[in-house]
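# Breakdown of the fold
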Amino acid sequence: MKAILAAILSLALLLSPAASAAGRSGPVMAADSVTASPGQAVEVPIRLSNNTGLVGGLLTVTYGRGLTLTKITKGEALSSLTMTPPGDLTANPVNILWDGTEADTSNGVIAVLHFTAPEQPGRYEITLSCEKGGMVDNQLQPVSVTMAHG
């Protein structure tokens, strides 16, 4: 029984965004998977790992129909960059912009999406995307970023 549990935990670790990011050479952005009760306020962190140094970028967030986006707050990572949230939180998708003058190599939560969960139980996807060249380094060269969804 312990061997089976150990195998399952090992597989879960290998399939997690942080573990899959470890084998990559460039940055990875991932939205956490969270569970909420119907109508409950829920926070969904967006995490950055393997950050090679970003000076700016535009991230597009698309979220499941039924979720109500109420706020976006800045995380502790990319603290030297200015985050500009979208002006219209009812738009779907929304864009989040980061901009600075020097590259930031920090890892961790870059933004937190605040939602009200729908009354209808179900699975509601959050998809992250970035146009090619949408994230740049301190030389304003495009940085390839892998996206993982929540």
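About the thresholds
- Residues numbered from 1 in each chain as written.
- Predicted model: local features only at pLDDT ≥ 70, side-chain atom pairs only at ≥ 80, totals over all residues.
- Heavy atoms only, no water.
- Helix = DSSP H or I, 4+ residues; strand = E, 2+ residues; numbered from the N terminus.
- Buried < 20%, exposed > 50% of the residue type's maximum accessible area, 1.4 Å probe, protein only.
- Pairing = 2+ DSSP bridges.

## Regarding the environment of Val112
- Mapped onto the fold, Val112 is located in strand 7 (residues 108–116).
- Residue Val112 is classed as buried on the basis of its relative accessible area, which comes to 13%.
- Once the C-alpha coordinates of Val112 and Lys74 are considered, the two residues, 38 residues apart in sequence, prove to be 6.4 Å apart.

## Overview of the pairing of strand 7
- The element strand 7 is largely enclosed, with a buried count of eight among its nine residues.
- The pairing of strand 2 (residues 41–49) with strand 7 spans eight bridges and is antiparallel. Across the sheet, residue Val42 finds its bridge partner in strand 7, namely Phe115.
- Here strand 4 (residues 68–74) pairs with strand 7 via six bridges, running antiparallel. Considered in strand 7, the bridge of Leu69 is made with Phe115.

## With respect to unusual backbone geometry
- A cis amide bond, omega 15 degrees, links Asn92 with the succeeding residue Pro93.
- With respect to the helices and strands, Pro93 occurs in the loop between strand 5 (82–84) and strand 6 (94–104).
- Positive phi, close to 55 degrees, is recorded for Asn50, a residue that is not glycine.
- By the secondary structure assignment, Asn50 is in the loop between strand 2 and strand 3 (54–63).
- On the basis of relative accessible area, Asn50 is assigned to the partly exposed category, the value being 26%.
- A positive phi angle is found at Leu78, which is not glycine, with a value near 60 degrees.
- Topologically, Leu78 is positioned in the loop between strand 4 and strand 5.
- Exposure remark for Leu78: the relative accessible area of 1% places this residue in the buried category.

## Section: the pairing of strand 3
- In terms of residue burial, strand 3 counts as a mostly covered element, since eight of its 10 residues are buried.
- Pairing of strand 3 with strand 6 involves seven bridges; the strand directions are antiparallel. Across the sheet, residue Val61 finds its bridge partner in strand 6, namely Val94.
- Two elements, strand 3 and strand 9 (residues 135–136), share two bridges in a ladder whose sense is antiparallel. When the bridges of strand 9 are listed, Gly57 appears paired with Met135.
- Pairing geometry for strand 3 and strand 8 (residues 126–129), over four bridges, is antiparallel. Note that in strand 8 the partner of Thr60 across the bridge is Ser129.

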